[in-house]
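Chain and residue survey
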Amino acid sequence: MQRVANSTRAKQVGRSAARSPRAAPAVFREAAQALGRTIGQRGHTLVFGGGGTGLMGDVCQACLEAGGTARAIILERFLPEAYPGLPMQVHRTMWARKR
């Protein structure tokens, strides 16, 4: 893996992950939390699917706890399961979300 020189410019990191807690063995959850901590410690913004459970929730929670920020791009039907308190861009369809 290449190291990139530090920059004062804000960075956004996109992350896609499972939102189901059933699909998350401990080793994956630990990796998701480590990724979230790194994003947060570096002062970056996590851009993710908005889920408050599973690996999505683990990455987001660790990022926020480490001082980072997060924003969600989420489907309308998943709003009841969204990570609370985040800025959200809500879409009706996956096609619209991926544009």
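The structure reproduced in this document is the subject of the present report. Being a predicted model, the structure only gives us computed values, none of them experimental.

Inspection of the entire model under this criterion finds two salt bridges. Salt-bridge contacts for R29 lead to D58; the nearest nitrogen and oxygen are separated by 2.6 Å. Linking R29 in helix 1 (residues 26–41) with D58 in helix 2 (residues 54–65), this pair joins segments that are 29 residues apart in sequence. Residue E76 is joined to R92 by a salt bridge in which the shortest nitrogen-to-oxygen separation is 3.9 Å. Here the residue E76 occupies a position in the loop between strand 3 (69–75) and strand 4 (88–91), and R92 occupies one in the loop between strand 4 and helix 3 (94–98), the gap between them amounting to 16 residues. E76 gets classed as partly exposed once you look at its relative accessible area, which sits at 38%.

Before going further, it helps to spend a moment on the nonpolar core. Among soluble globular proteins, nonpolar side chains are generally buried collectively. Formed by 14 residues in total, the largest nonpolar core has its most connected members in L46, F48, C60, A70, Y83 and L86. Only helix 1, strand 2 (45–48), helix 2 and strand 3 provide two or more residues apiece to this core. Of the residues forming this core, the biggest block, five residues, is contributed by helix 2.

Turning next to helix 2. For helix 2, spanning 12 residues, the distance from its first C-alpha to its last is 17 Å, which sits close to the expected 16 Å at 1.5 Å a residue. Of all 12 residues in helix 2, nine are buried; the element is thus mostly enclosed. Here helix 2 has its buried residues at G54, L55, M56, G57, D58, V59, C60, A62 and C63. G67 lies just past helix 2 and shows a positive phi near 100 degrees.

So, about the environment of Y83. Relative to the helices and strands, Y83 is located in the loop between strand 3 and strand 4. Y83 sits 11 residues away from A72 along the chain, and the two C-alpha atoms are 8.4 Å apart. Among residues more than four places away in sequence, those in contact with Y83 are F48, G50, G51, G52, G57, C60, Q61, L64 and M88.

Running from N to C, helix 1 and helix 2 point in directions that differ by 35 degrees, and their axes come no closer than 7 Å. Judged by the twist between their axes, the crossing of helix 1 over helix 2 is right-handed. Here helix 1 contributes F28, R29, A32, Q33, G36, R37, I39 and G40 to the contact with helix 2, which in turn contributes L55, D58, V59, A62 and C63. Looking at the contact of helix 1 with helix 2 residue by residue, the class counts come to seven nonpolar, three polar and three charged.

Before going further, it helps to examine helix 1. Spanning 16 residues, helix 1 covers 22 Å between terminal C-alpha atoms, matching the ideal 22 Å at 1.5 Å per step. Burial in helix 1 covers these residues: A32, G36, I39 and G40. Buried residues in helix 1, looked at end-on, bunch into an arc of 95 degrees, giving them a common side. Among the exposed residues of helix 1, those pointing more than 90 degrees away from its buried face are A26, V27 and Q41. Once helix 1 ends, the next one or two residues include G43, with phi positive near 75 degrees.

Definitions and limits used
- Residues numbered from 1 in each chain as written.
- Predicted model: local features only at pLDDT ≥ 70, side-chain atom pairs only at ≥ 80, totals over all residues.
- Heavy atoms only, no water.
- Salt bridge = Lys/Arg side-chain N within 4 Å of Asp/Glu carboxyl O.
- Helix = DSSP H or I, 4+ residues; strand = E, 2+ residues; numbered from the N terminus.
- Buried < 20%, exposed > 50% of the residue type's maximum accessible area, 1.4 Å probe, protein only.
- Core = buried A, V, L, I, M, F, W, Y, C linked by side-chain atoms within 4.5 Å.
- Expected span 1.5 Å × (residues − 1).
- Contact = heavy atoms within 4.5 Å.
- Axes fitted to C-alpha atoms, helices over the stretch in contact; angles between N-to-C directions.
- Left-handed = near helix turned anticlockwise from the far one by under 90°.
- Nonpolar A, V, L, I, M, F, W, Y, C, P; charged D, E, K, R; others polar.
- Arc of directions from axis to C-beta.

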